[in-house]
Amino acid sequence: MNSQPDTGMYVTFKNDDNVMIDSLQLNFGNANGQSDLLLLRLAPGEERLVLLNHDPGMGFNVKVHYSGGDEQEFCAKQYDDQRVTTVSLRR
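Residues numbered from 1 in each chain as written. Predicted model: local features only at pLDDT ≥ 70, side-chain atom pairs only at ≥ 80, totals over all residues. Heavy atoms only, no water.

Enquirer: Please clarify how unusual backbone geometry should be interpreted in this entry.
Expert: One can expect most non-glycine residues to show negative phi and most peptide bonds to be in trans. Look at Arg41: it is not a glycine, yet its phi comes out positive at around 50°. Position of Arg41 among the secondary structure elements: in strand E3 (residues 33-42). Phi angles above zero are rare outside glycine, and Tyr79 is one such case at about 70°. (Helix = DSSP H or I, 4+ residues; strand = E, 2+ residues; numbered from the N terminus.)

Here's what the structure looks like:
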């Protein structure tokens, strides 16, 4: 991607683990609203690009459900003002 979007964020989620990710649950918002996004089935080594209607630097919550039952929860990209970014996922 050569240019930055004017609004929102392009986020690439990459499964850097050797286990299937069954789902990725994203939660983000500001004083004007709240959004939830559910991504399904991200194979090992796979990447998925999403456009979030969210300002950079505010961070967003990620909950990862791996095949086999492992879960991971974290706040991603808080204080990071890039509009195009990648989040690598590994247990």
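Continuing now.
Enquirer: Would you take a moment to explain the pattern of salt bridges for this structure?
Expert: Note on pairing: side chains with opposite charge can pair once their charged atoms come close. Under the counting rule described, the total for this entry stands at six salt bridges. One salt bridge in this structure joins Arg91 and Asp70, with 3.2 Å as the shortest N-O distance. Linking Arg91 in the segment after strand E7 (84-89) with Asp70 in the loop between strand E5 (58-66) and strand E6 (71-78), this pair joins segments that are 21 residues apart in sequence. Residue Asp80 pairs with Lys77 through a salt bridge whose shortest N-O separation is 3.6 Å. Looking at Asp80, the relative accessible area reads 16%, which means it is buried. Look at Lys77 and you get partly exposed, because its relative accessible area is 24%. (Salt bridge = Lys/Arg side-chain N within 4 Å of Asp/Glu carboxyl O. Buried < 20%, exposed > 50% of the residue type's maximum accessible area, 1.4 Å probe, protein only.)

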